[in-house]
Amino acid sequence: TEGDYQRSLGQCIRYGVPVLLENVSEEIDPTLDPLLGKQIFRESGMLNINIGDSTVEYNEAFRFFITTKLPRPHYTPETGVKVCMVNFVITPLGLQDQLLQKVVAYEEREIAEKMSKFVQLGAANKARLKQCEDDILNLLSSGTNLLEDEEVINTLDNSKKIADDIAIKQAEIENSTKICDKTRAKFVPVANRGATLFFCITELGGIDPM
């Protein structure tokens, strides 16, 4: 009910519990306007906000999320300036890329597995290089004499070897990726046709049968 809804929302605001409001229409409940507009005020040293007829203590850890299933929602400019809108509707290019991955995984399983492995290796190399950089920064900020501290010297030498090794591995990954990309490119027309077919079917609902 409306009372339970506002009571639950008020409790979440008070205790900083995130709220997800699902399947809203293009008209948003006016009682949410103070929340969307962040009309927070301070009273007796505490942050407060008005929800309906009630004044609720506002917890800065509170987060409010709204979702809709409308394919093309149109909200008023007043609502648009109060919220951050994220459109999760799939795009033709995004769908084509997903279909391309599916087709390559089916037709060229070895290539798909290699591409996945390259992504993982690339991420691991970047993490390893970042760790080396952090180790060096920690040693530099320790205030020790860089020329006399054996640990610093050894760390720098080791970091240089790791960086050189990673550079070689990344070059090998990039070269192998280019070869795999040539194979994947053969299936782009298939993925493009699949994406085109999908969007043609979704648009059929907008055709006037008369």
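Just above, that's the structure.
The residue numbering used here restarts from 1 in each chain and proceeds along that chain's sequence as written. For a predicted model such as this one, the threshold for reporting local features is a pLDDT of at least 70, and the threshold for listing and counting side-chain atom pairs is 80 or more; totals across whole chains, interfaces and linings nevertheless cover every residue. By convention in this description, side-chain values take in all heavy atoms of the structure and omit both hydrogens and water.

For helix 5 (residues 109-140), built from 32 residues, the straight-helix expectation of 46 Å at 1.5 Å per residue is met to within 8% by its first-to-last C-alpha distance of 47 Å. The set of residues buried in helix 5 consists of Ile111, Met115, Phe118, Gly122, Asn125, Cys132 and Leu139. Residue contacts are defined here by distance: any two heavy atoms, one from each residue, within 4.5 Å place the two residues in contact. Runs of E in the DSSP output that reach at least two residues are strands. Runs of H or I that reach at least four are helices, and both are numbered from the N terminus. Those residues of helix 5 that are buried lie in contact with helix 4 (92-107) and helix 6 (150-185). An expected span of 1.5 Å times one less than the residue number is assigned to each helix. For every residue, the accessible area obtained with a 1.4 Å probe (protein chains only) is divided by the maximum for its type, and the residue is called buried under 20%, exposed over 50%, and partly exposed between those limits.

The subject of this paragraph is the sheet that holds strand 2 (residues 41-43). Any two strands with at least two DSSP bridges between them are considered paired. Read from one edge of the open sheet, three strands run 2-3-4, paired in antiparallel fashion. Strands with a single pairing partner mark the edges of an open sheet, and in this sheet they are strand 2 and strand 4 (54-57). The mean inter-strand angle of the sheet, taken between neighbouring strand axes irrespective of direction, is 50 degrees. Across four bridges, the pairing between strand 3 (residues 46-51) and strand 4 is antiparallel. Each residue of the ladder has a partner; that of isoleucine 49, found in strand 4, is valine 56. Here the axes come from fitting lines to C-alpha atoms, over the contacting stretch only for helices, and the angles between their N-to-C directions go from 0 to 180 degrees.

By salt bridge we mean one thing: a side-chain nitrogen of Lys or Arg within 4 Å of a carboxyl oxygen of Asp or Glu. In total, this model carries seven salt bridges according to the counting rule given. Across the salt bridge formed by glutamate 110 and lysine 114, the nearest N and O atoms sit 3.7 Å from each other. Here the residue glutamate 110 and the residue lysine 114 both occupy positions in helix 5, the gap between them amounting to four residues, near one helical turn. Overall, glutamate 110 belongs to the exposed group, its relative accessible area being 54%. A relative accessible area of 36% means that lysine 114 is categorised as partly exposed. For lysine 160, the salt bridge is made with aspartate 164, and the minimal N-O distance between the two is 3.1 Å. Placement of the pair is lysine 160 and aspartate 164 together in helix 6, with a separation of four residues, close to one helical turn.

This part covers the nonpolar core. Think of a nonpolar core as a cluster: buried Ala, Val, Leu, Ile, Met, Phe, Trp, Tyr and Cys residues, connected wherever their side-chain atoms sit within 4.5 Å. Counting 13 residues, the largest nonpolar core has Leu9, Ile13, Leu35, Ile49, Ile51, Tyr58 and Phe62 as its most contacted members. Residue assignment for this core shows that the elements contributing at least two residues are helix 1 (2-15), helix 2 (33-36) and strand 3. Ignoring any residue separated from it by four or fewer positions in sequence, one finds isoleucine 49 in contact with Ile13, Pro34, Leu35, Gln39, Ile40, Phe41, Ser54, Thr55, Val56 and Tyr58. Core analysis: the second largest hydrophobic core is formed by 10 residues, Val103, Val104, Ile111 and Ile173 among them.

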